[in-house]
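Architecture at a glance
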Amino acid sequence: MNYVKHFIYNHIIPVVGRLNVGKNKFVNVIYYHDIVKGEGQSFMQTNIEVFKQQMEYIAKNGYTTLRFDELDDKDNQKFEKKKVVIAFDDGWLSNYTEIFDFMKSLGIKYNIYLTISEIEKNKDYLTWDLVRKMHDSGWVGFGVHTFTHPHVADMKDIDPQLEFVQANEIFQKELGYEPLDFCYPYGSCSEKSHEYLTTQTNYKRIYTSTMMYSYEQNGRIIFGRNGISNDETFGVFKAKLNGYFNVWETIIH
Ligand SMILES: [Zn+2]
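Residues numbered from 1 in each chain as written. Predicted model: local features only at pLDDT ≥ 70, side-chain atom pairs only at ≥ 80, totals over all residues. Heavy atoms only, no water.

With that out of the way, let us pick up the pattern of salt bridges. The final tally for this structure, using the stated rule, is 15 salt bridges. In this structure, K123 engages D124 in a salt bridge whose closest nitrogen and oxygen atoms are separated by 3.4 Å. A residue is classified by how much of its surface remains accessible, and D124, at 36% relative accessible area, is partly exposed. A salt bridge links E174 to R132; its shortest N-O distance comes to 2.7 Å. Within this pair, whereas E174 is found in helix α7 (residues 160-175), its partner R132 is found in helix α6 (residues 128-137), the two being separated by 42 residues in sequence. The class of E174 is buried, set by a relative accessible area of 19%. Here R132 falls in the partly exposed class, since its relative accessible area comes to 27%. One connected set of salt bridges, linked through shared partners, spans D72, D181, K204 and R205. (Salt bridge = Lys/Arg side-chain N within 4 Å of Asp/Glu carboxyl O. Buried < 20%, exposed > 50% of the residue type's maximum accessible area, 1.4 Å probe, protein only. Helix = DSSP H or I, 4+ residues; strand = E, 2+ residues; numbered from the N terminus.)

If you want it as structure tokens, here you go:
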């Protein structure tokens, strides 16, 4: 990021976003990936101490945190100050080992989108037993992140039967309910993929990785989301938490 863009990001967006916070119609969503004991790295690995400080802020300042299934309720879908959906992409094992007890102790609910082909198969990912344990606790909601984690945007090189239908069937077999929350891998999406997912699948909520205002399409919600980077300031974290960064797409495009 060059100096000007850096300045806009750290100092202009939080202010402009705050002035435009009323443009948020739907609940704000922030997301992470892997949580690590060692040094963090950008959006993919967040250091546990950095993460804990952020969660303690959320708990101490009276934010309401929601599970995906609670978004079936229209009131919960609405944007409100101090209401947030906390999500994790991919299904990393650390989403259980490093944070499950900690999040419970703070009274914070969170959510995980599973890359179905990695669960149980990859040692760095969750197992179905752990997923069930977390689900049954009532503290963690789950969605899907395709079967093989492909780029979905142009819909050309992917097998929808595998990525959406089969992924959902396995999820349902393991957890006993149909997944209604879908997250694009790599944030790779397009008008074409939104149209497909909102008309050809049962997903009620579709999550991008674009910092934008969430909107409705064909009766489903297309969510903008705020990735929390290990390397950004606490001020930027707070602005993202409060939905101020959803103005980003409007300003940059
Ligand atoms: Zn992913």
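Moving on from the coordinates now.
With that settled, consider the side chain of E163. Looking at the secondary structure, you find E163 in helix α7. Although E163 is buried, it forms no salt bridge, and the closest oppositely charged side chain is K121 at an N-O distance of 13 Å. Looking at E163, its side chain comes within polar contact range of the main-chain nitrogen of F147, at 2.9 Å. Contact partners of E163, with chain neighbours within four places excluded, come to T146, F147, T148, H149, P150 and I158. (Lys, Arg positive; Asp, Glu negative; His and termini not counted. Polar contact = N/O pair within 3.5 Å; in protein donor to acceptor, adjacent residues only side chain to side chain. Contact = heavy atoms within 4.5 Å.)

A word on the confidence of the model for the protein. Should the pLDDT be low somewhere, the predicted coordinates at that spot are not to be read in detail. Across the protein, pLDDT averages 97, with 100% of residues at or above 70. Confidence, expressed as mean pLDDT per element, reaches its minimum in the protein at helix α10 (residues 248-252) with 88 and its maximum at strand β6 (residues 110-114) with 99. (pLDDT = per-residue confidence, 0-100.)

Our focus in this paragraph is the packing of α6 against α7. Two numbers describe how α6 lies on α7: the axes approach to 10 Å, and their chain directions differ by 65°. Seen from above, α6 lies across α7 with right-handed handedness. Residue-level contacts link W128, V131, R132 and H135 of α6 to I170, F171, E174 and L175 of α7. Partitioning the contact of α6 with α7 into residue classes produces 5 nonpolar, 1 polar and 2 charged. (Axes fitted to C-alpha atoms, helices over the stretch in contact; angles between N-to-C directions. Left-handed = near helix turned anticlockwise from the far one by under 90°. Nonpolar A, V, L, I, M, F, W, Y, C, P; charged D, E, K, R; others polar.)

On to the pairing of strand β5 (residues 83-90). Each regular strand shows side chains that alternate between the opposite faces of the sheet. The buried fraction of β5 amounts to 8 of the 8 residues, a majority that puts the element mostly inside the structure. As paired elements, strand β4 (residues 64-65) and β5 share 2 bridges and run parallel to each other. Within the sheet, the bridge partner assigned to T65 lies in β5 and is V84. Across 4 bridges, β5 lies against β6 in parallel orientation. (Pairing = 2+ DSSP bridges.)

Further remarks concern the state of the cysteines. Applying the stated criterion across every chain yields a total of 0 disulfides. C189 takes part in no disulfide bond, and the closest cysteine sulfur to it belongs to C183, at a distance of 9.5 Å. (Disulfide = S-S within 2.5 Å.)

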